[in-house]
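# Descriptive analysis of the structure
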Amino acid sequence: MEIKTLMRAAMIAAALTVPFGLQAKSPVPSDLVQAGIRPGWKSDAGTYIAALHLKLSPDWITYWRHPGESGIAPRLDWGASSNLAQVRVHWPEPRLFQKAGFNSIGYMNELVLPVELTPTDPSAPVVFDATLSIGVCNDICVPVDLRVRTSLNGGGPHDTIIANALTHRPGTARGAGLRGLTCALDPDSRGVRLTVQMDIPRTGNQEFLLVELPDQGLRSHVLPSSREGGTITGQTRLRARSGQIGGIDRASVRVSLVSENGTLSHQGCSALP
């Protein structure tokens, strides 16, 4: 197994190879993040359950699949892999952080990111060759590329650390007392504004309602959310023409209520089952 880390930042140029659990000698990247892959096991469905394991410097964070109001969205590219038909990433439940006056969604100190790999040929190992591009942030944000390349055959023991990450995924808003949810699409000076109002009990001292419209091919910018009594409102500005409003699929709207206590999710513009 080989881990390659490349830090991209002004006046920083370093490349290194870091086996998991060892301290790198290069002072800048190794002080921020160490990376490894947990080989995991084979599921009953025949997929291989593994995980990327990132250890961050104390009090530094990295981001969830969406960074929130500011930050660097992570990207995982496994195109160089072989004998790999499909990858499913299982993001564990993130937390809300206040960074430079913005609401950021992510993980502090450590991230175990499970990946479920479907081999093209189940009788052969998967050569998992992937690059994970992330932001590592404290008072400043630094972009980091983590490259992993290893052979996986699902032959390892059941890993309780991966299993724990799989268990701790976002909960459902319905399970936390969601009473109602409405969506509104309105023309905006910079495109279209998607507003979601969620009637749900408070989940923490600080809350952020993330409104997404994935897989629609539209650029978006999330806006600050607000709570008034039992209702929290979140907004996203979509780079769309007003004539495109009718073509937006409201069932595809994805809502995440994030606080310092965890994350709740809901799919679609209705609170009904």
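The coordinates are above.
Treat the numbers as computed from the prediction; the structure is a model and nothing was measured. Note on numbering: residues in each chain are counted from 1, in written sequence order. Selection of residues for local features in this predicted model requires a pLDDT of at least 70, selection of side-chain atom pairs for listing and counting requires 80 or more, and totals for whole chains, interfaces and linings are taken over all residues. Side-chain calculation: all heavy atoms of the structure are included, whereas hydrogens and water are not.

## Some remarks on the overall build of the protein
Helix and strand assignments follow DSSP, with helices taken as H or I runs no shorter than four residues and strands as E runs no shorter than two, numbered in order from the N terminus. A count of helices and strands for the protein gives two helices and 20 strands. A buried classification covers 50% of the 273 residues belonging to the protein. The contact criterion used throughout is that any non-hydrogen atoms of two residues lie within 4.5 Å. For the protein, long-range pairs separated by at least 24 residues make up 67% of all intrachain contacts whose partners lie at least 6 apart in sequence. The method behind every accessible area is Shrake-Rupley, applied with a 1.4 Å probe, and residues are considered shielded solely by the protein chains displayed. Carbon and sulfur atoms provide 49% of the accessible area of the protein, an area that totals close to 13200 Å². Each residue is assigned to one of three classes by its accessible area relative to the maximum for its type, calculated with a 1.4 Å probe on protein chains only: buried under 20%, partly exposed between the two thresholds, exposed over 50%.

## Quick notes on the sheet that holds strand β7 (residues 84–89)
Pairing between two strands is assigned when DSSP locates at least 2 bridges connecting them. With antiparallel pairing, four strands are arranged side by side in an open sheet as β3-β4-β10-β7. Two strands close off the open sheet at either side, each with one partner strand: β3 (33–42) and β7. The mean angle between the axes of side-by-side strands here comes to 25 degrees, regardless of whether they run parallel or antiparallel. Sheet analysis places β3 next to strand β4 (residues 48–56), joined by eight bridges and oriented antiparallel. Counted as the bridge partner of K42 is Y48 from β4. Note on geometry: axes are C-alpha line fits, over the in-contact stretch for helices, and angles between N-to-C directions span 0 to 180 degrees.

## Section: the pairing of strand β20 (residues 262–267)
In summary, the side chains of a regular strand alternate between the two faces of the sheet. Pairing of strand β13 (residues 171–172) with β20 involves two bridges; the strand directions are parallel. Bridging across to β20, G171 finds its partner in L264. Pairing between strand β19 (residues 254–259) and β20: six bridges, direction antiparallel. Residue pairing for β20: R254 is matched across the bridge by Q267. Two successive antiparallel strands, β19 and β20, enclose a turn made up of two residues.

## Examining the nonpolar core
Throughout, nonpolar core names a set of buried Ala, Val, Leu, Ile, Met, Phe, Trp, Tyr and Cys residues whose side chains join them through atoms within 4.5 Å. Counting 36 residues, the largest nonpolar core has V33, L54, L117, F128, V136 and L146 as the members making the most contacts within it. Breaking this core down by element, the ones donating at least two residues are β3, β4, β7, β9 (102–108), β10 (110–119), β11 (126–137), β12 (141–152) and β16 (207–212). Of all the elements, β11 adds the most residues to this core, at six residues. Excluding its chain neighbours within four sequence positions, the residues that come into contact with F128 are I37, W78, S81, L84, V87, L117, V148, R149, T150 and L152. In this structure, L185, I200, V211 and C269 belong to the second largest nonpolar core, which totals 21 residues.

## Quick notes on helix α2 (residues 160–167)
Among the residues of α2, those classed as buried are I162, A163, A165 and L166. The arc enclosing the buried residues of α2, seen along the axis, measures out at 160 degrees, which places them on a common side. With respect to the buried face of α2, the exposed residues turned more than 90 degrees away are T160 and T167. On its buried face, α2 is in contact with β3, β4 and β10. Each polar contact in these results corresponds to two N or O atoms within 3.5 Å; when the atoms are within protein, one needs to be able to donate a hydrogen and the other to accept it, and residues that are neighboring in sequence are counted only if both atoms are side-chain atoms. The opening residue of α2, the one whose side-chain oxygen lies 2.8 Å from the backbone nitrogen of I161, is D159. Arc definition: it is the arc formed by the directions from the helix axis to the C-beta atoms.

## Details of the state of the cysteines
Here a disulfide denotes one covalent bond, and it connects the sulfur atoms of two cysteines. Here, two cysteine sulfur atoms that lie within 2.5 Å of each other are counted as a disulfide. Taken as a whole and assessed by the stated rule, the structure comprises two disulfides. One disulfide bridge connects C137 with C141, the sulfur atoms lying 2.0 Å from each other. Handedness here is read from the sign of the S-S torsion; for C137 and C141, about 115 degrees, the answer is right-handed. Residue class for C141 comes out partly exposed when judged on its relative accessible area of 41%.

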